[in-house]
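Descriptive analysis of the structure
What follows is the residue order along each chain.
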Amino acid sequence: MNANELLIELRKFVLIKSGLRNIDPAHCKVISEYVFQETKNYVSETTIKRFFGFANTLHKFSLFTLNSLSQYIGYADWNAFCKEKENQILPSQSIWQTIKLTAKSITELALVTKKNNSGVPFNFTANRNFYYPDFDYFLKNSYQFTTISAQPGQGKSILIAHMVEHFFYSEHALYKNDIVLLLNVNSINNIIQNGLSLKDWFLKEFKFESLSALVSYFKKHPDKKEGKIVIVVDGIDTFLARTDFFKIFVDFLYSIEENSFLKLVFGLRTNSWVNLQPIITGSAFLTKNWYNGLFYDIDVLSNVPPLNTEEILGILSRLEEKDVTQEDVHPALLKQLKSPFWLQVYFQLKNENFSLELNDPLLCYEQINYFLEKKIFLAKKSTEKIFLLKKISENISKGNKGLRVAKETILTYINDYPDAYEELLYDGILIQEKRLSTAIPTEVVRFLNDDIYTYFLFIQITEKFNYKPSKAFFEYILENYTPRTLIRNYILNWSIRFCINRNEISELKNILKLPFTNEEKNDSFDFICSVSKYEISKPNSNFNKQSINMDFIDILANGRTMSPLYKETVKAISDNVLNEDVQIMLLVIECNIALIDIDKTLLVNAMQSLKRHYKRLSELFPINPYDLILYFHNNLIGKPNESKTLEEKIISLCHQIDKSEPLKNSQITTTEVLAYRMVLLTLFAQKNYAECHRFIMAILNRYPNIFYVRYSVFSPFLLLQLGQTYLKLNYYKKAKRIVEFVEKIIECDYTYYTNFIIVSFSVFKANFYNCTHNYEQAVAETETGLKMASQDDFKIYEIALQLLKIDSLKHCDRPEEVSNAIKELFNFLSLHKISLPEYTNLNNFEFDQTFKVLKSYKK
C-alpha cells in the first residue's frame, strides 16, 4: 500500500474505534479526548480535523500523531500498523487492478475532503440526478473530455462528488469495473507540498511516466484493459490563473491521444473557462473531442443550472428536520437560494442559533450581511475590497444580459489593487466574463448576485448622507430609483434595517409621508415589523428595551394593518419594553387587536395590565381609553353598560375639541388618533349616530385638512366612519360622495391604505348598496369583502359582511341562499369559538330582530 492508502485505512479504524459511522467537525474534539484516555497522548482537536480533511494540511502528519492514532486502535505504533496492512496485499494483482486500487485510495480521500468542505452536510445536498443521463451519455460515447463549468457557489464540486459516487461507487453503480481518479485542489497542493512535480507523483503512484504513456500502454496491450479510465479534476482554477500552469494544462489537452477508454472531466469556474473555451473551440481536434452537455448555456459558459424549487425545498426539509413547502418560504428567499452557496450561509446562520423563520423577508438581508461580513469586512485587504466594490457598483449599468460593467472602465482601480481584485474573483463576490455578442469581444465584470450589488449601492447612499438617514436621504431614493422595481425595494429595505440598527426610528416616518407607492409603503411597514421584532430579540441591539420610544408607536398607530406579523410585533415589543408610556400605548393597541379579533382572552389580559396604569392613561389621552375599551368588553360578553358617565365624558371632549383653534395635520398626536378612533367606534356601537357625526365635525374643526392626509390610515378610517354615519342618518347623497371620493384617493398611487382599509371600504359600500336598495350589488360587494377578510383574518369584518349578506339576500328573495349564509356564519363562529357581539351588526334597524335571533342561537 502507498501512504495515501494506509492513511485511509487508519481513518477507517479510528472511526470504528470511536463508534462513528460518519464524522463531522464537532466529533473531532470527542476523538481527541478518546485518544488521550486510551493512550495518554494528547492529539489536538485541530490535528484531528486535519487528519479527517476538515482543515487544510500544510505538512505531513508527525510520527507522534500517527503513532498515537495507531496505538488508539490497538497497534504498537504506526510502523506496526503499516506492516500488517502491507502483508494483506495480494501479490497476483493485475496491472489494471493495481492502478484501480491506487486510484481508489486517492479518490476516496478526495471525496472525503469534498464532503467535509461542503457548506451544508453532504447527505443534505441535492444529488441533481436529472444531470445523470447527460453524464452517462458522455461516458458511453466517443468524446474524450467534458467540462463542468459554473460560477463560484453554484454547487459544481458537490455535483461532481455525487456523480463519482453514483456512477462508480454506489451499490448499483453502472461503471464499477472502471478506474476513476478524482483529484481536487487539496490533492494537488499535497503533491506540491511533498516536493513532487505532477509527473513525478504520477510515476510514483501509477508506475507510468505520464498519462500519455499509460494510454499508449493499454493501446498496445488491449487485453490488459478491463474498462474505462475516468479522470476527474476539480478546483484547479487558482493554478489556471497562472500563465505557466495554464500553458501546461492546454499542452496536456493536446497531448492526449485519441482512444476509446480514457475520459477526462474538468470542474472549472466560469472565469477559468472564459480563457479556456476559445482555445478549445479554435481547435478542430479539441472541439471534436469536447462534450459540452445538454445544460451548457453559451451566454454564461456554464452547464450547471441553478437549483430548482423542488431541490431547494428538499434541502431545507432535511436541514429543518420537517417537511418544508413552498408556502413556508418567502418568495425572495426562494429566489436567493437558487444559488447553493446561500444555503451554506443559511446553514451557518442556523448553527449560530439564528432565530428568523424561512418566511421572513429579513432572512435574505441577514444572509447577505453575514456573507459579506465574513468575506469582505472581516477579511484581509477589506479596505481595498470595499473600495473596489463601491467603484464597480458606481459604474455598473443594465444591459441585455443584466447588470455589468466593461472591465476597461474600472481597469485603473483593478490595477491599483490587483491582489484584492483577484481575491474578490476567487471568493465569488465578482464574476469576470467575456461578452462575445459584440463586434469586438470584451471582458465584463459583474457581481455574483444582484442582491450584493444592491447592498453596495445602498452603502454609497449612506456615505453620500454621512451615514445619517433623513428626509433628504429618502427623497434621494425616491428620485433616483424607479417605482415598483426590485432595486428600489431592496434599497428601501436596507434603509429600514439601517435605521432600526442605529435606532433612528423617527426617520422611518419619511417612507409613509413621501410619495412612495402604496405597495412600497405597505411592504416597508411589514419590513419595519420584521426588523424590529428581530432586533428586540438580540442581546446587544441599539433598538432595545430602554431605547424604544414614541416614534415607534407613531409608526405602529398610523400604519395599522392587522396582519399576523403586525400582531406578533406588537406582542414582542410589548413584552420587552421598559418605557411606561410606550408600554401603555402598546396595551391600548393590543386591546384594539383583541376587539377586531373578538378575542376575549387577549382583551381581558391586556385590560388587566392596562388598568394598573389608569391614572397615567387619563394624563396621556384626551379621554381615558380604558373606559372605552371596557364598554366594548361588556358588549362582547353581553353585560349591560352604564354608559351615561361615558357619554358625558365623550360630549365634554367633543366640546373641548370643537372650541380649539384649527391646527395643521402634522400636529395631530398618536394619542389623539387612538382615542378619536375608539370614541367614534363607541358612539357608533351605542347607535348614537348624531353624536358620532358631531364628534367627526369637531375633529374636522380642529384639523380642517385631515381628509387630505395620505400617509396615515386614520384619514381613510375617518372618511369611512363619516360615510357609515351618513347612512344611519339617511344622508345617502353625502354617503355616495364619500364612496366616490374614497375610490378616487385609493386610485392615487401614493395614498397609504392597507388591506384593513380596503375591507372596511367593502363593508361601507355593501351597507350603502343595502340602504339604497341595490341588493344584488350589495351581495357582490360582500363576496368581494369576505374573500379578502378571510385571507387576512379580519374576524370582525367577516361577521359584519356575513350579516350584511344575509340582509341583502333576504331582500333579494333568495331564501335558500339566506339559509346557506346563516350556516356559513354559524360555522365561522363555531370554528373560531367566538360570539356574535352587538358592535358587529352594521345593518339598519329592521334587521335588529333577525340579529337578536341569530345572537341567541346556540349551536
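Structure report, in brief. (Residues numbered from 1 in each chain as written. Predicted model: local features only at pLDDT ≥ 70, side-chain atom pairs only at ≥ 80, totals over all residues. Heavy atoms only, no water.)

Section: the packing of helix α19 (residues 362-377) against helix α25 (residues 486-501)
Axis separation between α19 and α25 bottoms out at 11 Å; the angle between their running directions is 75°. Judged by the angle between their axes, α19 and α25 are roughly perpendicular. When α19 is examined against α25, the residues Leu362, Tyr365, Glu366, Ile368 and Asn369 are found in contact with a partner set consisting of Asn489, Tyr490, Asn493, Trp494 and Arg497. Of the residues assigned to the contact of α19 with α25, the class counts are five nonpolar, three polar and two charged. (Axes fitted to C-alpha atoms, helices over the stretch in contact; angles between N-to-C directions. Helix = DSSP H or I, 4+ residues; strand = E, 2+ residues; numbered from the N terminus. Parallel < 35°, antiparallel > 145°, perpendicular 65-115°, else oblique. Contact = heavy atoms within 4.5 Å. Nonpolar A, V, L, I, M, F, W, Y, C, P; charged D, E, K, R; others polar.)

Some points on unusual backbone geometry
In this structure, Arg128 takes a positive phi of about 55° despite not being glycine. Of note, Arg128 is situated in the loop between α6 (95-117) and α7 (132-140). Phi at Lys833 takes a positive value of approximately 55°, unusual for a residue other than glycine. Secondary-structure assignment places Lys833 in the loop between α42 (815-832) and α43 (848-856).

Points about helix α41 (residues 795-811)
The end-to-end C-alpha separation of α41 is 25 Å, in line with the 24 Å expected for 17 residues at 1.5 Å each. In terms of burial, α41 is a largely internal element, 15 of the 17 residues being buried. (Expected span 1.5 Å × (residues − 1). Buried < 20%, exposed > 50% of the residue type's maximum accessible area, 1.4 Å probe, protein only.)

Details of the pattern of salt bridges
Scanning all chains against the criterion turns up 38 salt bridges. The salt bridge partner of Asp749 is Arg484, with a shortest N-O separation of 2.1 Å. Remark: Arg484 occurs in the loop between α24 (471-480) and α25 and Asp749 occurs in the loop between α38 (732-747) and α39 (755-771); sequence separation between them is 265 residues. The exposed category is assigned to Arg484, whose relative accessible area is 56%. (Salt bridge = Lys/Arg side-chain N within 4 Å of Asp/Glu carboxyl O.)

Quick word on the pairing of strand β1 (residues 145-150)
For β1, the tally of buried residues reaches six of six residues, placing the bulk of the element in the interior. Here β1 shows no split at all, with Phe145, Thr147 and Ser149 on one side and Thr146, Ile148 and Ala150 on the other all buried. By the bridge criterion, two bridges tie β1 to strand β5 (residues 290-291) in an arrangement that is parallel. If you follow Thr146 over to β5, its bridge partner there is Tyr291. (Pairing = 2+ DSSP bridges.)

Observations regarding the sheet that holds strand β3 (residues 229-234)
Read across the sheet, five strands follow the order β2-β3-β4-β1-β5 without closing on themselves; strand pairing throughout is parallel. Looking at strand neighbours, the two that pair on one side only are β2 (179-183) and β5, the edges of this open sheet. Two strands pair when backbone bridges link them, and β1 and strand β4 (residues 262-269) are joined in this way by six bridges, in the parallel orientation. Each bridged residue has a counterpart across the sheet, and for Ser149 the counterpart in β4 is Leu268. The strands touched by α7 within the sheet are β1, β3, β4 and β5, with β4 carrying the most contacts at an inclination of about 140°. In the packing of helix α8 (residues 156-169) onto the sheet, the strands contacted are β1, β2, β3 and β4, and the crossing angle to β3 comes to about 160°.

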